[in-house]
Amino acid sequence: MSSLIFNKFWRAAIVVIGNEILIGRVLDTNSHKVAKMLTLIGYDVTEIRKVRDEVEAIAKAVKELMLDNGVIITTGGLGPTYDDVTAEAISFATGIPLCLKEDALEMIEKRLKDLGLELDNARKKMAILPCTAVPIPNPVGVAPGIAMFMPRTKIFSLPGVPKEMEAMMESYVLPLLEKENLVARAEACEVLENVREADIANEVGSFAKEHPEAYVKSHPDIEGGRSYVKLCIMASAESKEDAERKAKTLLKSLVNRVQQGNL
Ligand code: ATP
């Protein structure tokens, strides 16, 4: 996919943490949502890694991805249980030691008070973060997220629970990243019924070549014996509104071209 600016700053990676994902008990929906959110604000998501709840595995992934990504989002492993080791792994990956963070502890105490719960040692553990971390408020649950502003990479560690992860992306991560970005993206799609992908491949291919500034893709599927193709265009522009307009206009001309080619 092309973007207006393609350098490390605009590259993002996602690390999904959890044995439950790797044994197939839980379907990873977090990376799907985060990838879409980052793409729509102009980031190029380069990689999604899924790792076990182990300090070494998480730290290795984060350290490697820091080499050529400006943003890393991790999900999972922030809670109070023995297998929640993300803070320790981020400390390991960045070389920044762990501290009991007063600001994080205050956030936890406030959330517990709202929920009528007591602070205990298990919950206190959630305030032990890398010393330079900025805790991210959790509007849904208790565990704060972690924001690390490293010299060339920002790392955001968010909870695994999808509602908590989404709330933190929307209330903290996206507004912060959107302030810096120069590019917005928008997507427009249309379903063409009773069409096979091979029949429109030439038109779609030549259209994609003529519009390298957009991401042109056909998605074939079959439902109840009926073949259909969903055509999607993702366009970039300086504002969301312009990107939406561009995506819709390009899609319209692609659909016209495909329909004429199949008369
Ligand atoms: P908690 O405060 O609940 O301990 P956490 O940050 O420690 O949060 P996990 O324990 O890793 O998160 O995950 C909590 C739950 O969220 C999991 O049991 C699972 O149901 C769900 N979950 C975790 N990761 C994902 C994911 N990638 N996609 C969808 N659901 C997930």
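Below: a short report on this structure. All values reported here derive from a predicted model rather than from experimental measurement.

Thresholds, definitions, all that
Residues numbered from 1 in each chain as written. Predicted model: local features only at pLDDT ≥ 70, side-chain atom pairs only at ≥ 80, totals over all residues. Heavy atoms only, no water. Helix = DSSP H or I, 4+ residues; strand = E, 2+ residues; numbered from the N terminus. Buried < 20%, exposed > 50% of the residue type's maximum accessible area, 1.4 Å probe, protein only. Contact = heavy atoms within 4.5 Å. Near = heavy atom within 4 Å. Polar contact = N/O pair within 3.5 Å; in protein donor to acceptor, adjacent residues only side chain to side chain. Areas by Shrake-Rupley, 256 points an atom, 1.4 Å probe, with all protein chains shown as cover. 1 Å grid on protein atoms, 1.4 Å probe; cavity = no way out; pocket = protein on both sides within 12 Å on 5 of 7 lines; lining within 4 Å. Sits in = over half its atoms within 2 Å of the grid points. Nonpolar A, V, L, I, M, F, W, Y, C, P; charged D, E, K, R; others polar. Core = buried A, V, L, I, M, F, W, Y, C linked by side-chain atoms within 4.5 Å.

Mapped onto the secondary structure, Gly42 falls in the loop between helix H2 (30-40) and strand S2 (44-51). When its relative accessible area of 3% is taken as the criterion, Gly42 is described as buried. With 141 residues separating them along the chain, Gly42 and Val183 place their C-alpha atoms 4.9 Å apart. Residues in contact with Gly42, not counting those within four places in the same chain, are Trp10, Asn181, Val183 and Arg185.

In the vicinity of the ligand, 19 residues are found, and the nearest of them are Asp28, Leu78, Gly79, Asp84 and Gly160. At a separation of 2.7 Å, an oxygen atom of the ligand approaches a polar side-chain atom of Asp84. Contact distances for the ligand include 3.4 Å between an oxygen atom and a backbone N or O atom of Val161. Bound to the protein, the ligand loses 75% of the 620 Å² it would expose on its own. Using a 2 Å cut-off from the grid points, one finds that the ligand occupies the second largest pocket. Its residues assigned to classes, the shell around the ligand shows 9 nonpolar, 7 polar and 3 charged.

Looking now at unusual backbone geometry. Even without glycine at this site, Asn194 takes up a positive phi of about 50°. Here Asn194 is to be found in the loop between strand S9 (184-193) and helix H8 (197-210). On the basis of relative accessibility, which here comes to 59%, the residue Asn194 falls in the exposed class.

Counting 33 residues, the largest nonpolar core has Val15, Ile58, Val62, Ile72, Ile146, Met148 and Ile155 as the members making the most contacts within it. Counting residues per element, the ones that place at least two in this core are strand S1 (11-17), helix H3 (55-66), helix H4 (86-94), helix H5 (102-115) and strand S7 (145-149). Here this core takes 7 residues from H3, the largest share from any one element. Beyond its immediate chain neighbours, meaning those up to four positions away, Ile58 contacts Ile17, Val51, Arg52, Asp53, Val85, Thr86 and Ala89.

Honestly, it's all geometry; don't read function into it.
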